[in-house]
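Below are the chains, spelled out letter by letter.
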Amino acid sequence: MTQPVITDYLFDEAAYNTHDGGYIPLEKPSTPPQPLAIPAIATPDRVDGKDVYYTITAQTGEVQLLPGAKTKTWGYNAPLLGQTFVYRDGQTIHLHLVNHLPEVTTFHWHGLDIPGPIEDGGCHAPVYPGESRDVTFTINQPASTDWLHAHPCPSTAEQVWHGLAAMAIVQDEHEESLPLPRNYGVDDIPLILQDRRFHEDNQWDYRADYDPDGVQGPTAMINGTINPYFDVTTQKVRLRILNGSNRREWRLHFSDDLQFTQIAGDNSLLPTPVPFTHLMITCAERQEIVVDFGQYQPGDEVTLYSDDVPIVTFRIRDFAPDTTTIPEHLFDVPEYKVDPELPVKNVVLSGMDEEVMIDGKKFDMQRIDYEMPMGQAQIWDITSTNTMVGGMIHPYHMHGTAFQVISRNGHAPYPNETGLKDTVSINPHEHVRIKVLFNVPGVFMYHCHIIEHEDGGMMAQIKVVDPKHPDVQYHLMDHHTLMKAFAEERGVSMDDLWLGGMESYKKMGMHM
């Protein structure tokens, strides 16, 4: 392997969330170890050639997370988080989306290049309690690890906190031709990283924990498991790591500084595998790594840490020797040619707490902030002004597309962000240039993925126009309609309705 081993976390240490005024450090779990929960793979209702049909139900549940009372939770086809949805490049997916929750929600496919705003499932595609919505889209993208989560503005953060986050895996022939682990649940393991605070009777209380810079909790929850362990029965294990947290950055390393290899990022394999001993993953990012446990013996334990707190224990069992090697070349990044006369699109992320904005404005569901044609590549320059003391790292996400990171402050991007991505984190006062191209039309959001920040208005909208159908109009919801629905469903007046994101608008003297 020609890449040097990366032994630091790459990002600016002064901007880590450990320096936030509201930072809540993880605590070492005191409860007995539990087997790591592996979400079941969702079974289609039916398959007709390349047409695949699913019913996905957002539902309430109760889960035994800690000794004592069960915790009230939400999930997709499961009481917490959800089943794992496995799609293939070239399939047409037909979804019957059902809401059995007590309030309005949406079903957002984070990482899928599908039309918006309805199929994408952002805030303009509500499904009300007891109702359903049918959507259809075609998978046309490389193999990747993606996810499904709720996105009803301005209550995205609270609903994800309740548990509405599930993994989605896209498969393709190229990835399957490579000698990589892919036996789901055995050597291909999802790790959904989240954190929670447990209140009286083991319940979650989002309002009590609310912080406009992002809600955190002291207890690590991995795939909905507290203090998990995993029995290693193969020499090499592929971990599909998803940061499904509202706010927390996870700085990952193994005991013994065990080296591992990152093979994929958000939306594709990396062109070249990258070896690490320490790896930071910010909100909404996905990172696939392969860990070789060949130096260990049955009975040994290897621990995965975030900072200095253990989050998963890998218990070594008997396994057969594995002499396969990860190829030096994994993926050809598509060439997007940019018209040199096309101006650079500048995006400015500003503020912290309630002051967060994009380009000096808070999000308005009925305002289109930018238009660009489908199929045309453009350079976007994303910067974070962070004028408040200390600043912070903002994970910038775009719906409906996979972009390429070109540079950081004029220098090369980090070695593990050279594939296709939909989320890139910006250090304070940094300019990150990305190459953006949409293959699907519609209205899409782009925003900070500290979820309380997007709810608080650090979000904007782009309209992508199909040149063959330039006159298509989209019905856009408005904040008032959604907030009225929340008020009716919660049995309160509009004056008494509390949604975390509303506070950011009110304290800035702005209206949604």
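Residue numbering note: each chain is counted from 1, following its sequence as written. In keeping with the model being predicted, local features are shown solely for residues with a pLDDT of at least 70 and side-chain atom pairs are shown and tallied solely at 80 or more, while totals for entire chains, interfaces and linings include all residues. As a rule here, side-chain values cover all heavy atoms of the structure and leave hydrogens and water aside.

In the annotation of an unreviewed UniProt entry, the protein chain is listed under the name Cell division protein. UniProt positions are given in the numbering used here, feature names are shortened, and annotations may be inferred rather than shown by experiment. According to the UniProt record, the Sequence similarities (unreviewed entry) comment for the protein chain reads "Belongs to the multicopper oxidase family."

Caption draft 1: The arrangement of the domain arrangement of the protein chain in detail. Domain limits in this description derive from either an automatic procedure or a database domain assignment. What the domain assignment lists for the protein chain is domain 1 (13–31 + 182–316), domain 2 (34–177) and domain 3 (345–472). Once you take the C-alpha centre of each, domain 1 and domain 3 turn out to be 25 Å apart. Listed by partner, the interface residues are 32 residues for domain 1 and 24 residues for domain 3. When the buried area of domain 1 at its contact with domain 3 is split by residue, Pro212, Asp213 and Asn267 rank highest and sum to 26% of it. Salt-bridge contacts for Lys421 lead to Asp266; the nearest nitrogen and oxygen are separated by 2.9 Å. When residues of the side of domain 1 that touches domain 3 are traced back to their parent elements, those giving at least two are β18 (269–276), β19 (278–281) and β20 (286–292). Here a helix means four or more residues in a row that DSSP labels H or I, a strand means two or more in a row labelled E, and each is numbered from the N terminus. Examining the composition of the side of domain 1 that touches domain 3, we find that 5 residues originate from one element, β18, more than from any other. In what follows, a contact means two residues having at least one pair of non-hydrogen atoms within 4.5 Å. Accessible area, probed at 1.4 Å, shrinks when two parts are joined; the buried area is that loss added up over both. The working definition used for a salt bridge is a side-chain nitrogen of Lys or Arg within 4 Å of a carboxyl oxygen of Asp or Glu.

Caption draft 2: Highlighting the pairing of β19. A two-sided burial pattern is seen for β19, the buried positions comprising His278 and Met280 on one face and Leu279 and Ile281 on the other. At least two DSSP bridges between two strands are needed for those strands to be called paired. Of the strand pairs in this sheet, strand β16 (residues 250–254) and β19 are connected by 4 bridges, and their pairing is antiparallel. Pairing of His253 across the sheet is with His278, part of β19. Burial here depends on accessible area, computed with a 1.4 Å probe over protein chains only, as a share of the maximum for the residue type. Under 20% is buried, over 50% is exposed, and the range in between is partly exposed.

Caption draft 3: Inspection of the sheet that holds strand β33 (residues 459–465) at higher detail. Ordered by their spatial adjacency, 5 strands build an open sheet running β25-β33-β32-β27-β30, and the pairing between neighbours is mixed. Both edges of this open sheet fall to β25 (370–373) and β30 (423–426), since each of them pairs with a single strand only. Recorded for the sheet is a direction-independent mean angle of 25 degrees between the axes of neighbouring strands. Examined bridge by bridge, β25 and β33 share 4 bridges and lie parallel to one another. Bridge assignment links Met372 to a residue of β33, and that residue is Val464. Structural elements are reduced to axes, namely lines fitted to C-alpha atoms, with helices fitted over the stretch in contact, and the angle between N-to-C directions of any two is expressed from 0 to 180 degrees.

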